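# Summary of structural features
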Amino acid sequence: MKKYLWTGLLLFCALLAKAQTLTVTDMETGNPLESVTITSQNTSDYAITDAQGQAEISAFRNSDTLEIRCLGYRRVLTTYEALSKQNFKLAMELTGVPFQEVVVSASRFEEKQEDVVQRIQVMRRSELQHMNQTSMADVISNSGHIMVQKSQLGGGSPIIRGFETNKVLLVVDGIRMNNAIYRGGHLQNVVTLDNAIMDRVELVYGPGSVVYGSDALGGVMHFYTRNPQLSLGDSTVVHAGAFTRYFSAANGYSAHADVSVGNRRFGSLTSFTYSDFDDLRQGNLRNPFYSGFGERPWYVKRIDGRDSILQNTDPNVQVGSGYRQYDFLQKFLFRQSNRVQHLLNFQYSTSSDIPRYDRLTQVRNGAPRYGQWYYGPQKRLLASYQLQLENGSWYDHARLIAGYQNIEESRNTRPYQSTQLDHQIEQLDIFTLNIDIDKEVGTHEMRYGFEAWYNKVNSTAQEENILSGETTPSVSRYPDGGSKMYSIAGYFTHTWEISDKLILNDGIRLTDIGLHSSFNDKQFFPFPFDEVNQNNLALNGNIGLIAKPWTGWRFTANLSSGFRAPNVDDMSKVFESVPGSVIVPNPDLKPEYTYNAELGIGKRLGRSLQVSLLGYYTIYRNALTVQPTQFDGQDSIVYDGQLSRVTSTTNAGEAYLYGTEFRISGNLNEYLSMSGSLNYTYGRIKTDSTDYPLDHIPPLFGRLSFAAGKGKFKGEFFMDYSGWKRLKDYNINGEDNIANATANGMPAWYTLNLRLDYRFSRNISLQVACENLLDQNYRVFASNISAPGRNLIVTLRGNF
C-alpha cells in the first residue's frame, strides 16, 4: 500500500510540475517567445523563458501579482491562478507603438524608448527572420529608413540622413567596428556581420558622439548577437536551430546551424553560416527612355594565357558579381551569481575573392580597362570579454567590455592584357576597452563611462607577374611605415523624469584622439613629407526634451553635436576614386563637426496605430570632402598609366543638411497591420557664389507595407520606392558615381514585393518571398551594380 501511495504521489508531482511550466507565444504567429521575464511584485523571484518560450514558475505559486514583459510586446499583469485556468499558456500582443519599446543603444543600458529623445528603430529577431534576407546589408535596406549603396553584390554601404561610410558608426555587441581605414567612399564591411545569428538590431538616427565618440555623425547601427541560453532548473537544456535558403536572382543558397547548451551557470552557443552566390541577375523591365541601362553585353575571360572579350548571352546577368562567405560565432556564458556574469565572445567572418563589379565594366580607349579587379577575402576576427555586474552600492548596472579585432583587406587589380597583377594588402590590430555604469537616484537616471581604443595599421603592396609568379614591391594604399590611431574618452548622460508628462535628456563627452603615419619608401610617389601627426580634443554634448501633454501625444526637441576625427584613410591614402581622378594625401586635415537640431511630433491613433513626423537641420563644419588640388605645382599627374586630375580630401568649410522623416505603423485590426515611411534629405556645401551639392545625399525614398497573420500563417505585401536623383544634385568630385547614372541622373523606381510564412509546427516553418514582382530594372542611387530582378527566396527553417 505504501508503495502505491509513493507512486501516486510521484505521478501527481510530475503532473503538477508540468502544469507549472508556462509557455509564452506571439499572439499573431503562435511562435514561442524567448527572453520573456516573469517577476512578482512581492518577492525577488524571477524567471526567463527559453528558446521554446517556456519557463518554470512554481516559485510564484504564492505570489499576488505577476508582471510579464517582453521587448516590443504589451506588458501583462496577471496571477498564478489566472494562468492555471489558461493551462499555463499565454499569448502576448505586439505593442505596435514604437515608443513602448525597450532600447539599449541610446545609452548602452536598457531604457524605455519613450524616455529617449533620439529616434531609434528596433528590428527584433522575429522580424529579422521574417525579412528572409541573405545579408546584413539587405536587412538594413529593408528597414525602410536607410538607403544602401552597392558597388558589388558582396557589399552594401548604408546612408543615414545624408551621412555614409566612416560618418556612420557600426557597433557589434558593444564594440565599435569603425577603424582607422574606414573610407569616405562606399564601405562594404557591414556584410561581414551574420544576420542569421542576430538577436536584434537598433538603428539610432542623428549624432551619437556623446555615447559613442568619433564617426557617429549620421547615426549608429548597433548589432546584438544572441547569447547562450541558461537552464532555469537542474537539468541541462539544449536548443538548436537551422535553415537552408535559396536565392533565385543570384542562383545562390545559404545554410545555417546553431546550437545552445546550458545549465544553471554555464552556457555555450555555437553558430555557423555558409552562403554561396552566383552572378546576380538584374531586372528585365527597363525604362523605355534608357533601354540599355545596366546591361552587361560583354565580359573578360582569360583563355590560353590571353585576355579575351566574350559576348554575354544574357546581358541581364551581371557576370563578375558572385562570391562566397563563411561566418562563425562562439560564445561562452558563466553566471557566477545573480549579480555577476562573464561572457566570452568569438566571431570570425571570411569570404572568397569578391569581384569589384563596377570596375570590371569600365572601358578605356574602346577596350576593357581591367582584366581583373577583386577584393581579397574580407576577414574579420573579433574576440571579447564582458563582465556584467548588478545592484552594487554605487551602481545599478556596470559593464566592462575588453575586445580585440584583427582585420585583413586587400585590393587586387590587373589592367586588360597586362601580365602584372597588383596586390595591396591592409592588416589591422584593434584593441578596445569600454566601462559603462548606470545608477538611478529618485527621478534621475545617471549613466557614465570610459572608452579607449587603439588601431595599428600595416599596409603593404606587391606586383605579381601572373606568368612567371615573380613579385616586386609596389605602391601601398597607406603609408608603408605603418600607422597608429588611438582614442581616450569619458562621458556622462542623464535622464530626468520631471513629471509624467515631461522628461529631460542631456549628456556630455570629452574625447582625446590622435594619429601617426610614416612614409618610408617614396620611390613610387614623391610625398613632400615623411610623416603625418594629428592630435585633437573634442567636446560634445546634447540636450533634449520630451513632452507628453495629452494622452497619445508625444513632442520632442533635441540639440546635439557630433564630431569625427580624420583617420588614416582620410589623410594619407593614394587612390583612384573615379577614372581620371587620383586622391593624394593631405596631412593638414582638421576634425569635422556637426551641430544638429530636430523637432518631432507623434500621435497614437486608436489603440496601436502610431504616426510621427520629424524634421532636422544640421550645420556641418570642416566637412571632409574630395576637392581638386595640386601636387608639386601640377593639377594633373600620371597615375596607373593614365593622366589623372589631382584631388585631395579637404575641409570644405561649411555645409548644411536638412530633412524630414515620416512614419506610420501599427495594427489596423486583430489580423492586419501596416507600416510606412518617407525620408527626404537635402545637403549643400556653402560657397561664395552658388552652394554646391554635398555628396552621399539620397533622393526621396521610403516604404509602404501591409502584413496579415493568423494562426500558423503570416504574410506581407510591401512596396519600396525612390525618387529621381537629378544630375544637378550630384557632387561630381565626390562619391556619387555620376559616371554610372543616366544622362538625366538616376531614375526613380519602385518595386512590389510579397512574403509568406507558414509554420507547420512549433519546430518547422517554411518561408517564401518574391521580391521585385514586376522584374523592374533599377539601380539604387550611387550604386554601380543593378539591383536584383524578380527574386524568389525560399527558406526552410527548423528549431529543436
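Summary of the structure given here. (Residues numbered from 1 in each chain as written. Predicted model: local features only at pLDDT ≥ 70, side-chain atom pairs only at ≥ 80, totals over all residues. Heavy atoms only, no water.)

What follows is about the overall build of the protein. Assigned secondary structure in the protein consists of seven helices and 56 strands. Here the C-alpha atoms of the protein give a radius of gyration of 27 Å, agreeing with the 28 Å that 2.2 N^0.38 yields for 800 residues. The C-alpha extent of the protein, read off along each of the three principal axes, is 100 × 55 × 50 Å. A separation threshold of at least 6 residues defines the contact pool for the protein, and within that pool the share at least 24 residues apart is 66%. (Helix = DSSP H or I, 4+ residues; strand = E, 2+ residues; numbered from the N terminus. Rg over C-alpha atoms; globule rule 2.2 N^0.38 Å. Contact = heavy atoms within 4.5 Å.)

The subject of this paragraph is a nonpolar patch on the surface. On the surface, a nonpolar cluster with roughly 640 Å² of combined accessible area is contributed by I601, L613, Y617, Y658, F662, L678, Y680 and L700. Of all the secondary structure elements, the ones that give two or more residues to the nonpolar patch are β43 (609-621), β47 (654-667) and β48 (672-685). Within the secondary structure, L613 is located in strand β43. (Patch = residues over 30% accessible without salt bridge, like charges linked within 9 Å, V, L, I, M, F, W, Y side chains within 5 Å. Areas by Shrake-Rupley, 256 points an atom, 1.4 Å probe, with all protein chains shown as cover. Salt bridge = Lys/Arg side-chain N within 4 Å of Asp/Glu carboxyl O.)

Once that is clear, we can look at the nonpolar core. Within the largest apolar cluster, 37 residues are counted, with the highest numbers of intra-cluster contacts made by I140, M221 and F223. Taken together, the elements giving at least two residues each to this core come down to α3 (125-131), α4 (136-141), β14 (169-172), β16 (198-205), β17 (219-225) and β47. Those residues in contact with I140, other than ones at most four positions away along the chain, are M123, I146, V148, P158, V201, L203, M221 and F223. Core analysis: the next-biggest nonpolar cluster, separate from the first, contains 22 residues, Y478, L515, F519 and V532 among them. (Core = buried A, V, L, I, M, F, W, Y, C linked by side-chain atoms within 4.5 Å. Buried < 20%, exposed > 50% of the residue type's maximum accessible area, 1.4 Å probe, protein only.)

Looking now at the pairing of strand β46 (residues 642-651). Note: strand β41 (residues 581-584) against β46, four bridges, orientation parallel. When the bridges of β46 are listed, V582 appears paired with V646. (Pairing = 2+ DSSP bridges.)

Attention now moves to the environment of G162. Tracing the sequence through the fold places G162 in the loop between β12 (157-160) and β13 (163-164). Its relative accessible area of 4% is what places G162 among the buried residues. Sequence separation between G162 and T681 is 519 residues, and the spatial gap between their C-alpha atoms is 6.5 Å. Leave out the neighbours within four places in its chain, and G162 touches L657, T681, D695, H696, I697 and P698.

A few words on unusual backbone geometry. For N132, which is not glycine, the phi torsion reads 60° and is therefore positive. Residue position: N132 is located in the loop between α3 and α4. Backbone geometry at N251 places phi at a positive 45°, although glycine is not the residue there. Assignment of secondary structure puts N251 in the loop between β18 (237-247) and β19 (252-262). The partly exposed category is assigned to N251, whose relative accessible area is 47%.

Evaluation of the coordinates by the stated rule reveals 22 aromatic pairs. Look at F328 and F346: their rings are 6.1 Å apart centre to centre, the planes differ by 65°, and that puts the pair in the edge-to-face class. Taken together, the residues span a long stretch of sequence, with F328 in strand β25 (residues 323-335) and F346 in strand β26 (residues 340-351) at a distance of 18 residues. The exposure class of F328 is partly exposed, given its relative accessible area of 31%. For F346, a relative accessible area of 32% gives the class partly exposed. One aromatic cluster is present, formed by Y617, Y656, Y658 and Y682 through successive ring pairs. Positioned above the aromatic ring of W373, the side-chain terminus of R356 is 5.4 Å from the ring centre. (Phe/Tyr/Trp six-rings, centres within 6.5 Å; stacked < 30°, edge-to-face > 60°. Lys NZ or Arg CZ within 6 Å of the ring centre and 35° of its normal.)

This brings us to the sheet that holds strand β11 (residues 147-149). Strand order across the open sheet formed by three strands is β11-β12-β13, with antiparallel pairing between neighbours. In the strand order of this sheet, the two ends are held by β11 and β13, each with one partner. Where β12 meets β13, two bridges bridge the pair, whose relative direction is antiparallel. Counted as the bridge partner of I159 is E164 from β13.

What follows is about the side chain of N753. The topology assignment puts N753 in strand β54 (residues 749-759). The residues touching N753, leaving out its near neighbours within four places in the chain, are E716, F717, F718, M719, D720, C770, E771, N772 and L773.

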